[in-house]
Amino acid sequence: MENHIADVQKIYASPFVIATEDLLVHWQGHRRLTRRAIEAFPEKEFFNYSIGGMRPFSEMVLEMIGLASSGMNGVLTGEWDKVGTLSHHTNDSKPTTKSEILKLWDELTVDIEIGWPKIPLSRFHEIDLAYGEYEGPIYSFVLYWIDNEIHHRAQATVYLRSLGIEPPYFWLRD
């Protein structure tokens, strides 16, 4: 009994609120939902449609891909790309079809699944200078990637509704 109480006290004294595996499941659920939003767009509107000066959804998706791809590398290696060098900030050639972007999305999904288990638990509380500008604990960057994705998916929802297209339900993350 005494050992069990000590184990429970250790768990509750932990600085961690959610298991890293559960955080990954949560994030990947959002990524599946965002993928459905991408699929819902007609090809032309995905690249050209905007409201109120917002960017086309394709540009938002490329930002999400760039942040998470570069970010996962930064988390794993401690070496972060500078903001201005991220793919969505450069004039490098960008995908021109939705299928090309979905391919990048899916490749990143695999990279996240492979890389995530390699992140030591203690790493999530280490302080880094992400993208050469943002100092904070690693977990805060992961939460930012999720928040950023939700934000842009909400913009996509507005776009889809304005086009007369029913967006995927926000709770369908399987």
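That block above? That's the structure.
The shown structure was predicted, so the numbers you read here are calculated from the model rather than taken from an experiment.

The rules behind each value
Residues numbered from 1 in each chain as written. Predicted model: local features only at pLDDT ≥ 70, side-chain atom pairs only at ≥ 80, totals over all residues. Heavy atoms only, no water. Pairing = 2+ DSSP bridges. Helix = DSSP H or I, 4+ residues; strand = E, 2+ residues; numbered from the N terminus. Core = buried A, V, L, I, M, F, W, Y, C linked by side-chain atoms within 4.5 Å. Buried < 20%, exposed > 50% of the residue type's maximum accessible area, 1.4 Å probe, protein only. Contact = heavy atoms within 4.5 Å. Axes fitted to C-alpha atoms, helices over the stretch in contact; angles between N-to-C directions. Parallel < 35°, antiparallel > 145°, perpendicular 65-115°, else oblique. Left-handed = near helix turned anticlockwise from the far one by under 90°. Nonpolar A, V, L, I, M, F, W, Y, C, P; charged D, E, K, R; others polar.

Visitor: Looking at this structure, I do not really get the pairing of strand β2 (residues 134-137). What am I missing?
Guide: Two faces belong to every sheet, and in a regular strand the side chains alternate between them. Two strands pair when backbone bridges link them, and strand β1 (residues 127-130) and β2 are joined in this way by four bridges, in the antiparallel orientation. Looking at the pairing, Ala-130 lines up with Tyr-134 of β2. In this structure, the hairpin formed by β1 and β2 is closed by a connection of three residues, where Tyr-131 is found at a positive phi of approximately 55°.

Visitor: Is there a simple way to think about the nonpolar core in this case?
Guide: The nonpolar side chains of a soluble globular protein tend to be buried, and buried together. Formed by 38 residues in total, the largest nonpolar core has its most connected members in Trp-27, Phe-57, Val-61, Trp-116 and Trp-145. Elements that contribute at least two residues to this core include exactly α2 (20-40), α3 (43-48), α4 (57-77), α5 (98-115) and α6 (138-162). Here this core takes ten residues from α4, the largest share from any one element. Sequence-distant contacts of Trp-27, that is, excluding residues within four places in its chain, are made with Ala-68, Met-72, Ile-112, Trp-116, Val-142, Trp-145, Ile-146 and Glu-149.

Visitor: What's the story with the packing of α2 against α6 in this structure? I'm lost.
Guide: To characterise two packed helices, one gives the angle between the axes of the helices and the distance between these axes. In contact at an axis separation of 10 Å, α2 and α6 are set at 25° when each is read in the N-to-C sense. Here α6 runs roughly parallel to α2, going by the angle between their axes. Crossing of α2 against α6: the hand is left-handed. Residue-level contacts link Leu-23, His-26, Trp-27, His-30, Arg-31, Leu-33, Thr-34, Ala-37 and Ala-40 of α2 to Val-142, Leu-143, Trp-145, Ile-146, Glu-149, Ile-150, Arg-153 and Leu-160 of α6. Among the residues forming the contact of α2 with α6, the class breakdown is eleven nonpolar, three polar and three charged.

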